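Examination of the molecular architecture
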Amino acid sequence: MAEVTKRINQMEPWLGEEEKRAVTEYLDSGGWLTEFKKTREFEKLIADFTGSGYASVVNNGTISLVIALMALGIGGGDEVIVPDFTMIASANAVALVGAKPVLIDIDPSNLCLDLERAEAAITPRTKAVIYVSLNGRCHDMNKVTALADKYHLHLLEDAAQSLGSRYQGKHLGTFGEIGSFSFSFPKIITTGQGGALVTDNEELFRKISMIKDFGRPQSGVDYHEIIGLNSKFTDLQAVIGIEQMRKLDWRVKRKKEIYQHYHHLLHNTEPIKFTATNLEDCSPWFIDIVVDGEGTREALAKFLDERGIGSRPVYPAIHTQPPYSGVKGDFKNSEHISQRGLWLPSASFLSDQDIERVCIEIKRFFGATQ
Ligand SMILES: Cc1ncc(COP(=O)(O)O)c(C=O)c1O
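Below is a summary of the structure that appears in this document.

So, about the sheet that holds strand β11 (residues 195-199). Strand order in this open sheet of seven strands is β1-β11-β10-β7-β6-β2-β3, and the pairing throughout is mixed. The open sheet is flanked by β1 (54-58) and β3 (100-104), the only strands paired with a single partner. Adjacent strand axes in the sheet meet at a mean angle of 25°, parallel and antiparallel pairs treated alike. Along the sheet, helix α3 (residues 63-71) contacts β1, β6 (126-132), β7 (154-158), β10 (178-182) and β11; its crossing angle with β10, the most-contacted strand, is approximately 165°. Set on the sheet, helix α6 (residues 141-150) makes contact with β6 and β7; between it and β7 the angle comes to about 140°.

Here's what the structure looks like:
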């Protein structure tokens, strides 16, 4: 049997032969290291894949959120609605532009922002909603856009985990004014670090392009129209990203098969629960399960670890983290998932036999007969 991935964050063998060959060829050709033609080619692939008018790649999926908020004009005195259960970068980006993240509990049916609670939290200072399509899942996106439209809020989609996931065939990240992606290891594709912003709005794209390049409308010409960052990409990473994009369709398909296989083998194993996942549209990045019972998740993770199988507790609820500890509210669902959720080995290179072995061990832990 192939070795089951020891640590959950060792996801994809991203520097495969194809990437090595592409990087060597590029360097041999006297390639331009900083952002140039290869970066434009990578951006075009992202725009085409997601069906967006424009794509701009940057150095990670945290800074892409910061740039998106800056481009939308969000800053001091503004409030931005953010789910309480997400990777902490979603909230940090808001704080980093000087605005206030308003943390809202999640909807247990899909682990995304609770839309009713979000609506109830809107004040005259609310300027935007960050909708995080966690693990490629989402609501009826028409409801999300309707909420933003009703209150004239900017809709920024944090689709960091959603490359390859859609709602009714339309790619996630393309329902809001800006969509943000991450290519950090271990996303479905990776450039080591990296992120992308997609939009159909030419003016927003122009602002994004300026912000990532010191506020300059033209690269290399030192006239600065606005305050900007240096969040440019490198062509060296783009060469890897282009190769990764060639693997994306296969990985999306394989992630769905893996999810289905785990679900088939474990859905009757008490006390494990799966979150409803529509595999027509959603390509889950991680296999996430909920393990009910005080301390059971930790005991299961330890049992698996002792058998060479890596797993990882899901993100903590954001309001439990020191920078947000003053935040009060009812976060029953985000607390529940953050205390009970577990990621199982999910790399697309896992064989069916690897998955079967993981499931046999899980069933053994719960004393189930095979
Ligand atoms: C939902 C979400 N937002 C933002 C980020 C931040 O992306 P990066 O690690 O590229 O900065 C991540 C990374 O995992 C994420 O999962």
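Now that the structure has been shown, the text picks up again.
Taken in spatial order, the four strands make up an open sheet running β12-β13-β15-β14, and their pairing is antiparallel. Each having just a single partner strand, β12 (272-274) and β14 (312-313) make up the two edges of the open sheet. Here four bridges tie strand β13 (residues 287-291) to strand β15 (residues 341-344), and the two strands are oriented antiparallel to one another. Along β15, the bridge assignment pairs Val 290 with Gly 341. Packing against the sheet, helix α9 (residues 296-306) makes contact with β13, β14 and β15, and its axis sits at approximately 20° to β15.

Take the pairing of β7 next. Counted residue by residue, β7 has four buried out of five residues, so it is predominantly covered. Here β6 runs beside β7; their pairing, made up of five bridges, is parallel. Across the sheet, Val 129 pairs through a bridge with Leu 155, a residue of β7. For the crossover from β6 across α6 to β7, the handedness is right-handed. Where β7 meets β10, three bridges bridge the pair, whose relative direction is parallel. Within β10, the position partnered with Asp 158 by the bridge is Ser 180.

Inspection of every chain in the model, using the stated rule, returns 32 salt bridges. Lys 212 is the partner of Glu 43 in a salt bridge, and the nearest nitrogen-oxygen pair spans 3.7 Å. Of this pair, Glu 43 sits in helix α2 (residues 37-50) while Lys 212 sits in the loop between α7 (202-211) and α8 (235-266), and the two are 169 residues apart along the sequence. Residue Glu 43 is classed as buried on the basis of its relative accessible area, which comes to 7%. On the basis of relative accessible area, Lys 212 is assigned to the buried category, the value being 3%. Residue Asp 330 is joined to Arg 117 by a salt bridge in which the shortest nitrogen-to-oxygen separation is 3.4 Å. Of the two residues, Asp 330 sits in the loop between β14 and α10 (332-340) while Arg 117 sits in helix α5 (residues 115-120), which places them 213 residues apart along the sequence.

Calculation criteria
- Residues numbered from 1 in each chain as written.
- Predicted model: local features only at pLDDT ≥ 70, side-chain atom pairs only at ≥ 80, totals over all residues.
- Heavy atoms only, no water.
- Pairing = 2+ DSSP bridges.
- Helix = DSSP H or I, 4+ residues; strand = E, 2+ residues; numbered from the N terminus.
- Axes fitted to C-alpha atoms, helices over the stretch in contact; angles between N-to-C directions.
- Contact = heavy atoms within 4.5 Å.
- Buried < 20%, exposed > 50% of the residue type's maximum accessible area, 1.4 Å probe, protein only.
- Right-handed = clockwise from strand over helix to strand, strands pointing away.
- Salt bridge = Lys/Arg side-chain N within 4 Å of Asp/Glu carboxyl O.

On their own, these measurements won't tell you what the molecule is for.
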